[in-house]
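One letter stands for each residue in the lines below.
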Amino acid sequence: MATKRITGSQAVLLSLIEEGTEYIFGYPGGAIMPVYDAMMEYQEQIKHILTRHEQGAVHAAQGYARATGKVGVCMATSGPGATNLLTGIADALVDSTPIVCITGQVTSPLLGTDAFQETDVIGVSMPITKWNCLITRAEQIPAAIAKAFYIASTGRPGPVLLDIAKDAQFGELDFEYKKCDYIRSYVPRPTFNEEKIKEAAKAINESKKPYVLFGQGIILGNAEEEFREFIEKSGIPAAWTILGVAALPTGHSLNMGMLGMHGNFSTNVLTNECDTLIAIGMRFDDRVTGDLKRYAKQAKIIHLEIDPAEINKNITPHIAVLGDVKETLPILTKYIEKRDHSDWIQEFKKLDKQEYEKVIKSDLYPEKEGITPGEVIRMINEKTNGDAIFVTDVGQNQMFASRYCKIVNKRGFITSGGLGTMGFGLPSALGAKMGVPDKEVIVFVGDGGIQMTIQELGTIRQTDAAVKIVLLNNKFLGMVRQWQELFFDKRYSQTHMINPDFIKVAEGYGISGKKVLHRPELKGAIDEMIEHKGPFLLEVSIEKEENVFPMVATGASVSEIMLEAKKK
């Protein structure tokens, strides 16, 4: 495009427009005010969503990115504005979420002087970003933004931060934008070794009890179809990490369920009985492996992964296939034999029956008087048939939702995995709804987590985003209380909550809501929520001491997963 003379602030916005940015989630302030002033010129080309807190902005950008596969963008001022982004940035790094964060900074002559609202945001964000950069001259802006989008979205995605000094925003440049597609020494997609893929295929073909563990890498690589072709040809049972759930519909015949601390009984126990373990796009997180010294010692381990840093980090595989799974999986599928592992799958089914009788039946169809989270989710599944984007906060609500939500949509489940950020749910659901307005977006929150970002009800109302909020209220910090019950002799220290009237709070923001105290009211309230045209808060009073089982205790082997609390 031809050059033209513009300000640095205009260059920020024109660069974002060139990258196809639809929304900026942000909060204005002094050091970023020139960019906000320039927004008035570009309101038809790029929309700004005014969140009520900078943490809300970064989580909304994450939700947008996770729901769409595009890069999310958030913006804040210097000092406290920038530092308020840090939790979400750390969350995005651990969960490989592509976001570009733009912060204002004091004028370059004032850098290092402890000026008003100056913070070394480059220094404090360096460990939690994929790349960050301080911009002190207007002419640096286009190339920095192009580089930011390239780094954030390629290879293993992640967060990038650009800190722009105020004088760079006021300065002028001859604007010309060129997208970045190469950075020397940065190799986002490592070259794969086809001999390693053949070696992996040989091991799979010779195995009697192969087992696939799949993670978010499949979703990030847009390799859902390639993965489905692989498991359907191989006939291998597969289980997912909490971030990988949407890579395969939960109703698929080879989908055995969730791995990890609160995963399914069979998927955990049989990890230590398979003869070949094929890990695809997952990082062997401690919540999945339990005690590493007792994890899958009997199995030949094959690891397909794009990030070299994840190979040999927690588990040393026998065969490592480095590369983009969208490229490596079709080749692996070509070399494997078509198999039927019905007898092996039956071992999962037998253990599934035990879990159903001990846990699932009472979760979904309780005989007790109080409402359970499982039955709430079951009724929502029945109403939506899984055709929604499900978002969660963190805690028991997250575990119940991940266990019981019926997922049929690509990118149909969004949660904070590696960092476990309470307060993630509400703003990320807003971002998801902005990104996929044609889909129902339902967010599950607890009474603890929602209060960390409850002010984003104001953003939801201002945008009129039709987010459906399911508040599972047990008047406790539920997951902490569960641990206190099981491992701290029921010493419920600082976990009981005295809460506001959430329905009145929602009404104060102009959002409709309903509170359910008794089971006969539940189905009708869910129908009302789903059929409501705008945002809606459904508060359900649930059992106070309802626990999430199965459970692998900290330090235990996955084989020691508990179906119920141990009797003392």
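Residues numbered from 1 in each chain as written. Predicted model: local features only at pLDDT ≥ 70, side-chain atom pairs only at ≥ 80, totals over all residues. Heavy atoms only, no water.

Trainee: Tell me about the sheet that holds strand S17 (residues 441–446), and please be specific about residues and values.
Mentor: Pairing is parallel in the open sheet, where six strands are placed in the order S16-S15-S17-S18-S20-S19. With one partner strand each, in any of the chains shown, strand S16 (413–414) and strand S19 (512–516) form the two edges of the open sheet. The sheet contact formed by strand S18 (residues 467–473) and strand S20 (residues 536–541) spans six bridges and is parallel. Residue pairing in the sheet places leucine 472 in a bridge with valine 540 of S20. (Pairing = 2+ DSSP bridges. Helix = DSSP H or I, 4+ residues; strand = E, 2+ residues; numbered from the N terminus.)

Trainee: Lay out the sheet that holds strand S6 (residues 131–135) in plain terms, naming residues and giving numbers.
Mentor: Spatially, six strands are ordered S3-S2-S4-S5-S7-S6 in an open sheet, and the strand pairing comes out parallel. Of all strands in the sheet, those with a lone pairing partner are strand S3 (47–50) and S6, marking the two edges. Shown here is a sheet whose adjacent strand axes are inclined to one another by a mean of 20°, direction ignored. Here strand S5 (residues 99–105) pairs with strand S7 (residues 159–165) via seven bridges, running parallel. Residue pairing in the sheet places isoleucine 102 in a bridge with leucine 162 of S7. (Axes fitted to C-alpha atoms, helices over the stretch in contact; angles between N-to-C directions.)

Trainee: Now, about the side chain of threonine 276: what can you tell me, with residues and values included?
Mentor: Along the chain, threonine 276 falls in strand S12 (residues 276–280). Only 3.3 Å separates the side chain of threonine 276 from the side chain of aspartate 275, close enough to count as a polar contact. With near-sequence residues (within four places) excluded, threonine 276 lies in contact with Ala203, Ser207, Lys209, Pro210, Tyr211, Ala299, Lys300 and Ile302. (Polar contact = N/O pair within 3.5 Å; in protein donor to acceptor, adjacent residues only side chain to side chain. Contact = heavy atoms within 4.5 Å.)

Trainee: Explain the pattern of salt bridges to me, and be specific about the residues and the numbers.
Mentor: This model, assessed by the stated rule, comprises 35 salt bridges. The salt bridge involving glutamate 375 is made with arginine 519; its shortest N-O contact spans 2.8 Å. Residue glutamate 375 is found in helix H16 (residues 373–384), and its partner arginine 519 is found in the loop between S19 and helix H22 (522–531); the two are separated by 144 residues along the sequence. The partner of aspartate 387 in a salt bridge is lysine 439, with the nearest N and O atoms 2.7 Å apart. In this pair, aspartate 387 is assigned in the loop between H16 and strand S15 (389–392) and lysine 439 in the loop between helix H18 (425–435) and S17, connecting sequence segments 52 residues apart. Using a relative accessible area of 39% as the deciding quantity, one classes aspartate 387 as partly exposed. (Salt bridge = Lys/Arg side-chain N within 4 Å of Asp/Glu carboxyl O. Buried < 20%, exposed > 50% of the residue type's maximum accessible area, 1.4 Å probe, protein only.)

Trainee: Mind laying out helix H3 (residues 54–68), listing which residues take part and the relevant values?
Mentor: Between the first and last C-alpha of H3 there are 21 Å, a value that for 15 residues agrees with the 21 Å anticipated at 1.5 Å per step. Within H3, 14 of the 15 residues are buried, which leaves it mostly tucked inside the rest of the structure. Two residues or fewer after H3 comes glycine 69, characterised by a positive phi angle close to 85°. (Expected span 1.5 Å × (residues − 1).)

Trainee: Could you give an account of the environment of proline 127, with specific residues and numbers?
Mentor: Mapped onto the secondary structure, proline 127 falls in the loop between helix H6 (121–125) and S6. You can call proline 127 exposed: its relative accessible area is 62%. Expressed as a C-alpha distance, the spacing of proline 127 and isoleucine 319, which sit 192 residues apart in the sequence, is 30 Å.

Trainee: Could you give an account of the packing of aromatic side chains, naming the residues involved and the relevant values?
Mentor: Per the counting criterion, the structure on display carries 12 aromatic pairs. These aromatic residues form a ring-pair network of at least three members: Tyr23, Phe25 and Tyr64. Above the plane of the ring of phenylalanine 476 lies arginine 481, whose end atom (NZ or CZ) is 6.0 Å from the centre. (Phe/Tyr/Trp six-rings, centres within 6.5 Å; stacked < 30°, edge-to-face > 60°. Lys NZ or Arg CZ within 6 Å of the ring centre and 35° of its normal.)

Trainee: If you had to explain the pairing of S12 to someone new, which residues and values would you point to?
Mentor: The buried count for S12 comes to five of five residues, which makes it a mostly enclosed element. Residues Thr276, Ile278 and Ile280 of S12 are buried on one face, and the alternating residues Leu277 and Ala279, pointing to the opposite face, are buried as well. In this sheet, S12 lies alongside strand S9 (residues 210–214) in parallel orientation, the contact comprising five bridges. For valine 212, the partnering residue across the bridge sits in S12 and is isoleucine 278. Direction of pairing for S12 relative to strand S13 (residues 300–305): parallel, over a ladder of five bridges. Within S13, the position partnered with threonine 276 by the bridge is lysine 300.

Trainee: Describe the state of the cysteines, listing the residues and the values that go with them.
Mentor: Working definition: the covalent bond between the sulfur atoms of two cysteines is a disulfide. Counted according to the given criterion, the structure contains zero disulfides. With no disulfide of its own, cysteine 74 lies 3.5 Å from the sulfur of cysteine 101, the closest cysteine sulfur. Judged by relative accessible area, cysteine 74 falls into the buried class, the value being 0%. Note on cysteine 180: no disulfide assigned, nearest cysteine sulfur contributed by cysteine 133 at a separation of 12 Å. Since its relative accessible area comes to 22%, cysteine 180 is described here as partly exposed. (Disulfide = S-S within 2.5 Å.)

Trainee: Just give me the short version of the environment of valine 187, but keep the residues and values in it.
Mentor: Secondary-structure assignment places valine 187 in the loop between strand S8 (172–175) and helix H9 (194–206). A residue is classified by how much of its surface remains accessible, and valine 187, at 60% relative accessible area, is exposed.

Trainee: I'd like a rundown of unusual backbone geometry, residues and numbers included.
Mentor: Residue phenylalanine 549 is joined to proline 550 through a cis peptide bond whose omega torsion reads 0°. With respect to the element layout, proline 550 can be found in the segment after S20. If you check the backbone angles, serine 185 has positive phi at about 80° while not being a glycine. Looking at where serine 185 falls in the secondary structure, it is placed in the loop between S8 and H9. Phi at asparagine 222 is positive, roughly 50°, even though this residue is not glycine.

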